[in-house]
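One-letter residues, chain by chain:
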Amino acid sequence: MIDRARQALVKLVLEPEWEAVFEPNTYGFRNGRGTHDAIGAIFAGISKRDKYVYDADISKFFDNINHKTLLNKLKTLPSIHRQIKAWLKAGVVMNGELLPTNEGSPQGGVISPLLALVYLHGFETAIRSCINPGRKAQQELTIAIYADDFVVLHKSLNVILKCKANAEQWLKEMSLEVEPSKTRISHTLEPYEGNVGFNFLGFNIRQYPVGKHHSGKNSQGELLGFTTLIKPSKEKIAQHVKELASIIDAHKTAPQEALISKLLYPIQGWCNYFSTVSSKSTFTKCDNILASQLRAWARYRTGKFDFKTLNKYWRYTEDRRTFSTNEGVKLVSHAKTQIKRHVKVKGDKSYFDGDVLYWSTRKGTHPEMPSRIAMLLKRSRGKCASCGLMFGDEDLIEVDHKIPKKDGGTDKFDNLQPLHRHCHDVKTARDQANSKVF
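Along each chain, the written sequence defines residue order, and numbers are assigned to residues from 1. Only residues with pLDDT of at least 70 get local features here, since the model is predicted, and only at 80 or more are side-chain atom pairs given and counted; chain-wide, interface and lining totals rely on the full set of residues. No hydrogens and no water enter the side-chain calculation; it runs on all heavy atoms of the structure.

Draft legend 1. Highlighting the layout of surface pockets. Its volume calculated, the largest pocket comes out at about 980 Å³. In terms of lining, the largest pocket is formed by 27 residues, of which the most central are Val343, Thr361, Arg362, Lys363 and Lys378. Listing elements by their share of the lining of the largest pocket, those giving two or more residues are α2 (35-46), α13 (356-363) and α14 (371-380). Per-element accounting of the lining of the largest pocket gives the leading share, 5 residues, to α13. A 1.4 Å probe that fits into a set of points on a 1 Å grid over the protein atoms alone but cannot get out defines a cavity; an open set with protein on both sides within 12 Å along at least five of seven lines defines a pocket, and lining residues are those with an atom within 4 Å of a point. Grid points are joined across faces, edges and corners, and a volume is the space filled by probe spheres set on the points. Helical segments are the DSSP runs of H or I of at least four residues, strand segments are the runs of E of at least two, and each set is numbered from the N terminus.

What follows is the structure, given as structure tokens:
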């Protein structure tokens, strides 16, 4: 525990410094960034144009980190340098024997993700160095890096091959290499070497030829002839269905309420992860498969599946049958999950850049913003509920009660909204005038 606390302290020192220089399209292990930002970057890069894709994984990334190279890149204080070197060289105990660690970074450590990011710093720049440094040429190249997974997209196959060569050369210099079995070149719309589209971070990304009524449009309003769809990958769907089946199988003799509670979190977690893309039809499919699994569970319990069994385990809620108990405990539905598009983080933003308003609005929390105001900013998407304008850095933000407390309003979150100070004064005056009338 003491060692983990020390790692946390060292991370607090190093992270703000490195976040200021990290490349914009690195999304793994970074505060304020995640998988959905990487997917958002890919969608922005291909929504108006079909492209070739170089999809690759770095082989045994954490195990092959060169200690000397990493420490040279850190360029930190001598005391921190010595401490990090001690952690890297600490060794590992296997079968009661202490084995040396001459390379690699310990996985599971507090500081390990940051060290991995530092080690990969410069990877995106190396890939981009093969094309014209001009702004237009660079914008046509899309790169998304998440830990040891990365994709490169461009309209030209020759550029993709150059990026592939640059990436493999840079990785070789860092004592790393790509995993051949997980590396391929594909195309988002047309078959290339038998591949169409690609999978990344559990999502399937592909473009489909469609007619003029469903086609996307470019920036000039011209029809593209295809639409870009991002969905859960077949592997992730199969993995989720298998997980639900194992839970149901392990609770054959358990009460219905216990089964529902065990299924709740896997369903909600999986649906929330994929709720930012085109998942509605997938959610419906998963519901149908789950219904079949639950019918088999009910048949095992009663020996048959008839109207008596149906009425015992499926009850009417909101005019439809739901797998539920007499006490009202019901199973959540995949298809009830709301599809809500994710807003990609700005490429040049860092959680430590001092933009309190941006990060409070985005995350709903910030050390320098009162938690209640930060949560309200996230819910209102950074807009004043009265005038509808975005809050600025110099604006004074106040919390208003939609229904004044003197009129029976409460301090519950649903009755609160963020307002500019002058908007709050106007609303308060209006509320007082209305109360006098009535």
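Additional details are given in the paragraphs that follow.
Draft legend 2. Structural context of the sheet that holds strand β8 (residues 203-209). Two strands make a pair as long as DSSP finds a minimum of two bridges between them. If you trace the 3 strands from one edge of the open sheet to the other, you get β7-β8-β9, paired in antiparallel fashion. Both edges of this open sheet fall to β7 (198-200) and β9 (226-232), since each of them pairs with a single strand only. Strand after strand, the sheet turns through a mean of 25° between neighbouring axes, direction not considered. Relative to β8, β7 is paired through 3 bridges, and the arrangement is antiparallel. Within β8, the position partnered with Phe198 by the bridge is Ile205. Whether two residues touch is decided by their heavy atoms; if any such pair falls within 4.5 Å, the residues are in contact. Note on geometry: axes are C-alpha line fits, over the in-contact stretch for helices, and angles between N-to-C directions span 0 to 180 degrees. α2 rests against β7, β8 and β9 of the sheet, and its axis sits at about 15° to β8.

Draft legend 3. The sheet that holds strand β1 (residues 52-57), seen in detail. One open sheet accounts for 4 strands, arranged β4-β5-β1-β6; its pairing is antiparallel. At either margin of the open sheet sits one strand with a lone partner, and together these are β4 (142-146) and β6 (184-187). Ignoring strand direction, the axes of neighbouring strands in this sheet form an average angle of 15°. Direction of pairing for β1 relative to strand β5 (residues 149-154): antiparallel, over a ladder of 6 bridges. Pairing of Asp57 across the sheet is with Asp149, part of β5. Packing against the sheet, α2 makes contact with β4 and β5, and its axis sits at approximately 165° to β4.

Draft legend 4. Up close: the nonpolar core. Core analysis: the largest hydrophobic core is formed by 46 residues, its most contacted members being Ile42, Phe200, Leu263, Leu294 and Phe323. Once residues lying within four places of it in the same chain are set aside, the contact partners of Leu263 are Leu244, Ile247, Ile248, Leu294 and Leu331. The definition of a nonpolar core used throughout is a set of buried Ala, Val, Leu, Ile, Met, Phe, Trp, Tyr and Cys residues joined through side-chain atoms within 4.5 Å. Relative accessibility under 20% of the residue-type maximum defines a buried residue, over 50% an exposed one, and the middle range a partly exposed one, all with a 1.4 Å probe and only protein chains included. Ranked by size, the runner-up nonpolar core spans 45 residues in total, among them Ile65, Ile84, Cys130 and Leu141.

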